[in-house]
Amino acid sequence: MPKERTRALSDVLDQLEQTAHGESITIEEVVEHLGTKSFAALMLVFSLISTSPASAIPGLTATVAVIVFILAVQMILGRDRVWLPDFVTRRRMSTQKLCKGVSWMRRPVRFVERFLGSRLTFLVHRPWLYLPLTLILALTLFMPFMEIVPTSGSIASAVIALFAAGLLVRDGALVIVSLLALLAVPITVWQLGFA
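Since this is a predicted model, take the numbers as computed values, not measurements.

A.B. asks: Looking at this structure, how should I read the nonpolar core?
C.D. replies: Of all hydrophobic cores here, the largest spans 58 residues; its most connected members are M43 and F46. Residue assignment for this core shows that the elements contributing at least two residues are α1 (8-19), α2 (27-34), α3 (39-51), α4 (60-77), α6 (95-113), α7 (130-142), α8 (152-168) and α9 (172-194). Tallying contributions element by element places α3 first for this core, with 10 residues. Filtering out sequence-adjacent residues up to four positions away, M43 remains in contact with V68, L71, A72, M75, I160, F163 and A164.

Below, the structure is given as structure tokens:
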């Protein structure tokens with residue numbers, strides 16, 4: 001366990017909360033506030049939103065899947081700046097639900113941060129990154145259909161959030177945990193859908 005607790009994930013939540021104004025905000029505003037070079041932070045934010053109570057917004061899981069797919073493709077291609085199409089960046093989110101989601105996420109994020117630190121850093125660089133990114137691409141293709149099975153989209157988003165958190169704090173051990181969790185997602189969704 002690292003001696004000094006990281007606040008990297010809490011800082012991202014702080015930045016997300018600072019974007020909230022008015023009745024709703026666009027995805028473009030979130031991207032601009034977090035920075036167009038921060039792939040990991042953007043992937044973390046959108047997957048956490050889809051994990052939180054804000055995921056009750058119809059179509060949010062599908063939108064997050066599209067965003068994460070585009071981010072993962074650009075990371076594989078080695079782009080240094082984020083690009084998202086207009087039909088994604090123009091989409092609006094309720095600031096009330098967003099703030100409620102951020103508030104809900106703070107406690108688990110603070111708990112997780114106690115165990116994070118820079119380790120096995122080679123796993124957050126190429127070529128090692130290609131495997132988790134490819135698996136996440138595959139997962140995002142199924143996420144829109146997961147809205148049919150309650151909570152399954154949130155489970156998939158939580159796995160992506162683990163991976164993004166690992167990237168953000170350069171924690172290769174967390175990347176391994178996210179990979180193991182990702183491999184378990186199909187089984188979990190199957191059991192939820194047919195229980």
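Once you've had a look at it, read on.
A.B. asks: Would you mind showing me how to read α7 here?
C.D. replies: Along an α-helix, a turn takes 3.6 residues, which lines up residues three or four apart on a common side. Taking 1.5 Å of rise per residue, the 13 residues of α7 would be expected to cover 18 Å, and the 19 Å separating its terminal C-alpha atoms lies within 8% of that figure. Those residues of α7 that fall on the buried side of the exposure criterion are P132, L133, I136, L137, L139 and T140. The buried side chains of α7 occupy one side of the element, clustering within an arc of 165° when seen end-on. Opposite its buried face, α7 presents the exposed residues L131, L141 and F142, each directed more than 90 degrees away.

A.B. asks: Got a minute to help me understand the side chain of T63 in this structure?
C.D. replies: When you line up the elements, T63 lands in helix α4. Polar contacts involving the side chain of T63 include one to the side chain of R91, which spans 3.0 Å. Not counting residues up to four positions away in its chain, the partners in contact with T63 are I27 and R91.

Criteria and cut-off values
Residues numbered from 1 in each chain as written. Predicted model: local features only at pLDDT ≥ 70, side-chain atom pairs only at ≥ 80, totals over all residues. Heavy atoms only, no water. Core = buried A, V, L, I, M, F, W, Y, C linked by side-chain atoms within 4.5 Å. Buried < 20%, exposed > 50% of the residue type's maximum accessible area, 1.4 Å probe, protein only. Helix = DSSP H or I, 4+ residues; strand = E, 2+ residues; numbered from the N terminus. Contact = heavy atoms within 4.5 Å. Expected span 1.5 Å × (residues − 1). Arc of directions from axis to C-beta. Polar contact = N/O pair within 3.5 Å; in protein donor to acceptor, adjacent residues only side chain to side chain.

Just geometry here; none of it tells us what the structure is for.
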